[in-house]
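Examination of the molecular architecture
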Amino acid sequence: MFWLLATHLADRGHKIVAVTSDSISSSERSAALEEELRPGITVRRFPNSHNSLSVRFGPLFFRPRGMRTGLMKLVGEADVVHMGERALHSVWSAEACVAAGVPLIWSPYG
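Let me begin by describing the structure that accompanies this report.

What counts, and where the lines are drawn
- Residues numbered from 1 in each chain as written.
- Predicted model: local features only at pLDDT ≥ 70, side-chain atom pairs only at ≥ 80, totals over all residues.
- Heavy atoms only, no water.
- Salt bridge = Lys/Arg side-chain N within 4 Å of Asp/Glu carboxyl O.
- Helix = DSSP H or I, 4+ residues; strand = E, 2+ residues; numbered from the N terminus.
- Buried < 20%, exposed > 50% of the residue type's maximum accessible area, 1.4 Å probe, protein only.
- Pairing = 2+ DSSP bridges.
- Axes fitted to C-alpha atoms, helices over the stretch in contact; angles between N-to-C directions.

All chains considered together, the criterion is met by 6 salt bridges. Put simply, Arg38 and Asp11 hold a salt bridge, and the shortest N to O gap is 2.3 Å. Here Asp11 lies in helix 1 (residues 2–11) and Arg38 lies in strand 4 (residues 34–38), a separation of 27 residues in the sequence. Here Asp11 falls in the exposed class, since its relative accessible area comes to 52%. As a salt-bridge pair, Glu77 and Lys73 come within 3.2 Å of each other at their nearest N and O atoms. Both residues of the pair, Glu77 and Lys73, count as exposed.

Further remarks concern the sheet that holds strand 4. With mixed pairing, the 3 strands of this open sheet are ordered in space as 1-5-4. Only two strands of the sheet have a single partner each, and these edge strands are strand 1 (16–21) and strand 4. Recorded for the sheet is a direction-independent mean angle of 25° between the axes of neighbouring strands. With 6 bridges connecting them, strand 1 and strand 5 (residues 41–46) associate as parallel partners. By the bridge assignment, Val17 is partnered in strand 5 with Thr42.

Take a look at the structure:
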């Protein structure tokens with residue numbers, strides 16, 4: 001759902017930055033911390049401190065290093081934030097939006 005929305009917005013000239021962790025699975029991480037997936041759509045990944053534990057016990061160990069600070073910087077450059085998860089980084093996103101005065105849209109799909 002988010003990919004489809006992002007591609008349509010990018011096709012209309014919007015710049016999309018997706019923020020996530022570097023975790024792919026309990027034993028695999030993404031090699032690239034920043035990657036352009038297609039024109040107008042970039043993903044920014046933050047290293048997860050406890051990769052295997054975060055996959056097994058998400059809310060307790062999902063703490064990507066630098067994500068909270070990174071969100072503050074990225075949100076300050078955004079016109080709007082669209083969030084779709086229910087986790088600690090969702091709280092960080094909401095805090096960053098309030099601090100920057102940026103509108104937040106939350107779709108509870110995650």
